[in-house]
Amino acid sequence: MELHVNGLLAGTNASPTCFSNLKSGDLHFLGRMNGGGANAAPVYFNGQLAEFRVWKTRRTPQEIRENMFRRLNGTEPGLAALWNFDNVENGVVKDSASAAHSGNYDLSAR
């Protein structure tokens, strides 16, 4: 698994977990990491997310940089999810991709 931030590799791990293994109804967070045991405090991303994209295939750093300032419409080939945080309505950020994985937008959880 690789995490790229603005086209730069920010971290990797050998986790076999993938988005397709996530169960519907389970809570998952963007900008928050749970871990370190039951009593460990969550770790929060220190920054702002304007948009979050999930692709079905691995993207190269060059592909990320070429498209990171381009607005997507959700119909791009290989796009699995697209959350634009400028488009929050009644506490819900809609997934613009075809799978429609909309989520709750809650800053009070911090």
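This text follows the structure it describes.
Residues numbered from 1 in each chain as written. Predicted model: local features only at pLDDT ≥ 70, side-chain atom pairs only at ≥ 80, totals over all residues. Heavy atoms only, no water.

Focus on a nonpolar patch on the surface
On the surface, a cluster of nonpolar side chains totalling about 230 Å² of accessible area is made up of Leu-30, Phe-45 and Leu-49. With respect to the secondary-structure elements, Leu-30 resides in the loop between strand 2 (8-12) and strand 3 (32-33). (Patch = residues over 30% accessible without salt bridge, like charges linked within 9 Å, V, L, I, M, F, W, Y side chains within 5 Å. Areas by Shrake-Rupley, 256 points an atom, 1.4 Å probe, with all protein chains shown as cover. Salt bridge = Lys/Arg side-chain N within 4 Å of Asp/Glu carboxyl O. Helix = DSSP H or I, 4+ residues; strand = E, 2+ residues; numbered from the N terminus.)

Brief notes about the packing of aromatic side chains
Counted according to the given criterion, the structure contains 1 aromatic pair. A cation sits over an aromatic face here: Arg-59 above Trp-55, 3.8 Å from the ring centre. (Phe/Tyr/Trp six-rings, centres within 6.5 Å; stacked < 30°, edge-to-face > 60°. Lys NZ or Arg CZ within 6 Å of the ring centre and 35° of its normal.)

What about the pairing of strand 2?
Burial runs low along strand 2: only 0 of the 5 residues are buried. When strand 1 (residues 2-5) meets strand 2, the two strands line up antiparallel, connected through 4 bridges. Across the sheet, residue Leu-3 finds its bridge partner in strand 2, namely Gly-11. In this antiparallel pair of consecutive strands, strand 1 and strand 2, the connection spans 2 residues, and Asn-6 shows a positive phi of 55°. (Buried < 20%, exposed > 50% of the residue type's maximum accessible area, 1.4 Å probe, protein only. Pairing = 2+ DSSP bridges.)

Some words on the sheet that holds strand 5 (residues 51-55)
Reading across from one edge, 5-6-7-8 is the order of the 4 strands in this open sheet, with antiparallel pairing throughout. With partners counted over all chains shown, the strands left at the sheet margins are strand 5 and strand 8 (103-104), one partner each. Where strand 5 meets strand 6 (residues 79-89), 5 bridges bridge the pair, whose relative direction is antiparallel. By the bridge assignment, Phe-52 is partnered in strand 6 with Trp-83.

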